[in-house]
Amino acid sequence: MKWHRIYAMLRRYLYLYPRSVPRILDIFFWPITELLIWGFLTFYLRQINTSIPNVATAILGALVFWNFIQRSQQAVSIAFLEEVWERNLINIFVTPIKMTEFLAATLFVGVVRLILIGLSVGIAAFLLFQFNIFSLGLYLVPFVVNLFFFGWILGLIATSIIMRFGQSAQVLAFALTIFIQPFVAVFYPVQILPGFLQPIAHSIPATYVFEGMRSVLFKGTLPIENLVSATVLNLIWFSIAITIFFKMFAYVKDTGQLLKLVD
Amino acid sequence: MKPILTVKHLTKVFNGITAVNNISFELYEGEILGFLGPNGAGKTTTIQMILGLITPSKGEITMFDKDIKTHREEILSKVNFSSAYVSLPGNLKVEENLYTFARLYGVKNYKKRIQELADFFEIKQLLPKLYISLSSGQSTRVNLAKALLNSPKLLFLDEPTVSLDPDITDKVRKVLKKIQKENGLTILYTTHNMKEVEEMCDRVIFINEGKIVTEGPPTKLIERFGLRDLNEVFIKIARNKE
């Protein structure tokens with residue numbers, strides 16, 4: 001992999017941010033709007049004096065973490081769609097860039113978005129609702145890394161489907177995380193889910209992060225097996241997603257569909 | 001002369017339909033080759049196979065004596081492409097587009113190179129503008145500047161002058177001729193403008209229904225078919241399939 005090509009694509013996407021209102025809204029406005037809604041709910045829960053301690057913190061923490069997955073997934077899919085919308089896909093793929101370099105660039109775009117969203121939502125949550133994301137201490141690092149990586153894996157899957165089915169599937173770039181959200185146990189424990197859905201929840205890496213986060217907040221300890229499970233599942237899902245992605249890329253090159261994407 | 005591009009028995013079948021049927025040709029160093037044919041003849045599919053965007057069903061493609069399948073990165077660093085149908089991102093400024101592609105091609109001292117090309121194509125005043133705000137003539141010049149960023153040895157031009165007025169078309173042709181002469185650039189050129197082909201190309205290949213129908217220098221082909229110009233040759237070849 002050549003860094004100058006990864007950097008070229010990273011800069012290409014970052015050029016857009018300062019002057020694009022939708023992108024600014026995506027980083028600062030929507031996550032904070034969501035935070036306000038859930039933040040007010042937590043105020044209400046405090047008022048009615050719920051018997052579960054730390055419930056408000058758990059909801060806000062889950063919300064901040066969920067944003068990490070969602071925005072990281074979108075970083076990959078929207079970067080690819082950007083080239084489709086701008087009819088620039090051919091220009092990119094006739095340069096010496098490798099697909100792995102393109103994907104690495106989307107990973108870095110995701111890191112930049114993660115930092116910006118983390119800072120904006122983290123600061124807003126602290127100022128408005130006295131929720132300090134750093135109260136999770138050092139557990140924060142593996143949590144965030146696992147969530148971010150899982151979001152990126154979902155981005156690979158969404159992009160593979162968009163490549164295969166064209167722009168009609170582009171809704172996935174924005175909505176794939178919403179489809180899986182009920183199974184990830186973001187705001188509630190896995191045992192709340194009906195029995196037949198629990199195996200699905202247990203096959204998703206992010207589930208273990210949200211369970212772990214609640215364990216830290218409610219019991220003050222992190223079952224290490226949660227982090228191990230999340231990491232191992234992420235590696236398994238990554239192998240599956242990258243295989244699907246490259247098979248789909250080979251398929252669209254074979255059928256000529258890669259070029260039809262921009263027609 | 002040494003071939004820069006060699007295509008051997010290239011075939012592409014899509015869902016049982018043969019788009020390109022066992023074509024072979026060579027493109028020599030410093031040559032401008034017109035790759036011509038009616039719509040749907042297989043020109044675009046062939047070029048896209050050469051550029052590695054479509055996987056061939058059969059055949060071999062070598063550029064600079066190397067196979068595109070195994071030396072993609074090395075080959076594409078010496079090649080570039082410009083098409084009237086492929087735009088640069090409209091939401092980036094012209095200079096941002098050029099910086100991006102210069103970095104992708106690993107151009108050393110790229111700011112200087114961009115200034116040189118901006119001077120040459122008279123697009124200096126366009127550099128801080130959004131690409132989407134440019135006229136057709138301006139975007140064609142920017143596309144050509146992008147296509148020359150890496151000082152390619154082989155350039156693929158897909159209808160570079162389509163949708164341009166005769167004045168700009170004439171300027172673009174002159175600029176291309178000048179670059180080709182000065183740098184010994186090899187060009188594979190597609191267009192439906194036969195007057196342009198007569199003016200620009202050293203040799204042409206006519207393709208129809210995925211097969212090479214005829215090839216040779218434009219004047220020789222006109223003689224061979226006993227017609228007045230290349231436009232008539234084109235029409236004759238295109239209608240022969242019916």
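About the thresholds
Residues numbered from 1 in each chain as written. Chains lettered and ligands numbered in written order. Predicted model: local features only at pLDDT ≥ 70, side-chain atom pairs only at ≥ 80, totals over all residues. Helix = DSSP H or I, 4+ residues; strand = E, 2+ residues; numbered from the N terminus. Rg over C-alpha atoms; globule rule 2.2 N^0.38 Å. Buried ≥ 20, exposed ≤ 12 C-beta atoms within 10 Å, placed from the backbone. Contact = placed C-beta atoms within 7 Å. Nonpolar A, V, L, I, M, F, W, Y, C, P; charged D, E, K, R; others polar. Pairing = 2+ DSSP bridges. Axes fitted to C-alpha atoms, helices over the stretch in contact; angles between N-to-C directions. Parallel < 35°, antiparallel > 145°, perpendicular 65-115°, else oblique. Left-handed = near helix turned anticlockwise from the far one by under 90°.

1. Let's talk about the overall build of chain B
In terms of helices and strands, chain B carries nine helices and 10 strands. For chain B, the C-alpha radius of gyration of 18 Å lies close to 18 Å, the compact-globule estimate for 242 residues. Oriented by its inertia axes, the alpha-carbon framework of chain B measures out at about 50 × 40 × 35 Å. A burial count over chain B gives 47% of its 242 residues as buried. Intrachain contacts of chain B at a sequence separation of at least 6 include 66% that bridge at least 24 residues.

2. Things to note about unusual backbone geometry
The backbone phi angle of Q130(A) is positive, close to 55°, even though this residue is not glycine. One non-glycine residue, N15(B), adopts positive backbone phi at about 45°. A tally of 6 C-beta atoms within 10 Å means that N15(B) is categorised as exposed.

3. Things to note about the interface of chain B and chain A
Contact with chain B, which involves 25 residues of that partner, is made by 25 residues of chain A. Put simply, the parts of the chain that give the side of chain B that touches chain A at least two residues each are helix 1 (43-50), helix 2 (72-76) and helix 3 (94-104) of chain B. Per-element tally for the side of chain B that touches chain A: the top contributor is helix 3 of chain B, with five residues. Its residues assigned to classes, the side of chain B that touches chain A comprises 13 nonpolar, nine polar and three charged.

4. With respect to the sheet that holds strand 10 (residues 211-216) of chain B
Residue and element names in this part refer to chain B. The strand order across the open sheet formed by six strands is 6-7-8-3-9-10, and the pairing between neighbours is mixed. Whereas interior strands pair on both sides, the edge strands pair on one side only; in this sheet they are strand 6 (79-83) and strand 10. When strand polarity is set aside, the average angle formed by the axes of neighbouring strands in this sheet is 15°. Inspection of the sheet shows strand 3 (residues 32-36) paired to strand 8 (residues 186-190) by three bridges, in the parallel sense. Within strand 8, the residue paired with G34 across the bridge is Y189.

5. Observations regarding the packing of helix 3 of chain B against helix 5 (residues 136-148) of chain B
Residues and elements named next belong to chain B. Across the interface, helix 3 lies against helix 5 with an axial gap of 9 Å and an inter-helix angle of 20°. Taken together, the axis directions place helix 3 and helix 5 in an arrangement best described as roughly parallel. The chirality of how helix 3 crosses helix 5 is right-handed. Facing helix 3, whose interface residues are V94, N97, L98 and F101, helix 5 presents V142, A145 and K146. A class-by-class count of the residues in the contact of helix 3 with helix 5 yields five nonpolar, one polar and one charged.

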